[in-house]
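Below are the chains, spelled out letter by letter.
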Amino acid sequence: MSTFHNKIVLITGGASGIGKLMALLALKKGAKVIIWDINKEKIDETIAEYQSFGEIKGYCLDITDLFAVKKTADELKKKPWKRFYFD
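Computed from a prediction, not measured in an experiment: that's the story for all the values here.

Rules used in this analysis
Residues numbered from 1 in each chain as written. Predicted model: local features only at pLDDT ≥ 70, side-chain atom pairs only at ≥ 80, totals over all residues. Heavy atoms only, no water. Pairing = 2+ DSSP bridges. Helix = DSSP H or I, 4+ residues; strand = E, 2+ residues; numbered from the N terminus. Axes fitted to C-alpha atoms, helices over the stretch in contact; angles between N-to-C directions. Contact = heavy atoms within 4.5 Å.

1. A short note on the sheet that holds strand E3 (residues 56-60)
Hydrogen bonds between backbone groups are what pair the strands of a sheet, and the pairing can be parallel or antiparallel.
Reasoning step 1: Judged by pairing direction, the sheet is parallel, and its 3 strands sit side by side in the order E1-E2-E3 without closing on themselves. Taken across any chain shown, the strands that pair with only one partner, and hence form the sheet edges, are strand E1 (8-12) and E3. Pairwise comparison of adjacent strand axes, ignoring direction, gives a mean angle of 20 degrees for this sheet.
Reasoning step 2: As defined by bridge partners, E1 adjoins strand E2 (residues 32-37) across 5 bridges and the pair is classed as parallel. Bridging across to E2, Ile-11 finds its partner in Ile-35.
Reasoning step 3: Lying over the sheet, helix H2 (residues 40-50) contacts E2 and E3, oriented at roughly 180 degrees with respect to E3.
Reasoning step 4: Along the sheet, helix H3 (residues 66-77) makes contact with E2 and E3, crossing E2 at roughly 160 degrees.

Here it is, written out as structure tokens:
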């Protein structure tokens, strides 16, 4: 069976629709999930709903804004990935 154990999955549009479903599937396969979405309220709802399945974090940004994408990606690169950054 395929697994994402010890993998980090970034899903854009992860707080609704297909993105939200993909986040759940990745969590169930053992991935640590980061969701990017434009709707902060939906991000918070998704995290609350899915946190029992595994490690999930969300960032609110508009992925059509290249500056916002670069800024958020740069923030993620600074995280201690060996132990991830979920506290």
